[in-house]
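Below are the chains, spelled out letter by letter.
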Amino acid sequence: MNQGALVIDLRSKELYDAGHIGDARNVPARELESQADSLKKWRDKSVITYCDTGADGAGGARTLMKLGFTKVFNLQGGLSAWIKESLPVAKTVATGKGSAK
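Predicted, not measured: the structure shown is a model, and the values here were computed from it.

A. Quick look at the pattern of salt bridges. The full count for this structure, using the stated rule, is three salt bridges. Linking aspartate 52 and arginine 11 is a salt bridge whose minimum nitrogen-to-oxygen distance equals 3.3 Å. Of this pair, aspartate 52 sits in the loop between strand 3 (46-50) and helix 3 (55-66) while arginine 11 sits in the loop between strand 1 (6-9) and helix 1 (13-18), and the two are 41 residues apart along the sequence. Overall, aspartate 52 belongs to the partly exposed group, its relative accessible area being 31%. The shortest N-O distance in the salt bridge between aspartate 17 and lysine 13 comes to 3.0 Å. With aspartate 17 and lysine 13 both in helix 1, this residue pair falls four residues apart, about one helical turn. Residue classification places lysine 13 among the partly exposed positions, given a relative accessible area of 46%. Linked through salt bridges whose partners overlap, the residues forming this network are Asp9, Arg11 and Asp52.

This is the structure we're talking about:
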């Protein structure tokens, strides 16, 4: 990660907004194949996938490898392991688009 890897959070937008790894890009697992074209500039660069526990992250890593990505890694243990190690988590700030009275 410290060497400029693309970090992909495979969880839902709601879970991503509640807490994610720093500059991670949110691409829900079910959308990974359809969004792979937008990630093509990363085909020969390091890509790290993660989910909550590591299971979906491993599947996402396999999907990317099938699509031609050459340096794909899964964060073992997922975000749960990251948090357990007391590593930083970012939250998405709500935009609050409610109507004012």
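B. Quick look at the pairing of strand 3. Burial of strand 3 is extensive: four of the five residues sit out of reach of the surface. Judged from the four bridges that link them, strand 1 and strand 3 form a sheet pairing that is parallel. Its bridge partner being in strand 3, isoleucine 8 is matched across the sheet by threonine 49. Where the polypeptide runs from strand 3 across helix 3 and back to strand 4 (residues 71-74), its parallel neighbour, the crossover connection is right-handed.

C. A look at the packing of aromatic side chains. By the definition in use, this model includes zero aromatic pairs. Positioned above the aromatic ring of tryptophan 42, the side-chain terminus of lysine 45 is 5.5 Å from the ring centre.

D. Region of interest: helix 3. Given a rise of 1.5 Å per residue, 12 residues ought to cover 16 Å, and the 17 Å separating the end C-alpha atoms of helix 3 matches this to within 8%. Within helix 3 the residues assigned to the buried category are Gly57, Gly60, Ala61, Thr63 and Leu64. Seen end-on, helix 3 carries its buried residues on one side only, within an arc spanning 160 degrees. What points out from helix 3, more than 90 degrees from its buried face, is the exposed set Ala55 and Lys66. The secondary structure elements touched by the buried residues of helix 3 are strand 1, helix 2 (32-35), strand 3 and strand 4.

Cut-off values and rules
Residues numbered from 1 in each chain as written. Predicted model: local features only at pLDDT ≥ 70, side-chain atom pairs only at ≥ 80, totals over all residues. Heavy atoms only, no water. Salt bridge = Lys/Arg side-chain N within 4 Å of Asp/Glu carboxyl O. Helix = DSSP H or I, 4+ residues; strand = E, 2+ residues; numbered from the N terminus. Buried < 20%, exposed > 50% of the residue type's maximum accessible area, 1.4 Å probe, protein only. Pairing = 2+ DSSP bridges. Right-handed = clockwise from strand over helix to strand, strands pointing away. Phe/Tyr/Trp six-rings, centres within 6.5 Å; stacked < 30°, edge-to-face > 60°. Lys NZ or Arg CZ within 6 Å of the ring centre and 35° of its normal. Expected span 1.5 Å × (residues − 1). Arc of directions from axis to C-beta. Contact = heavy atoms within 4.5 Å.

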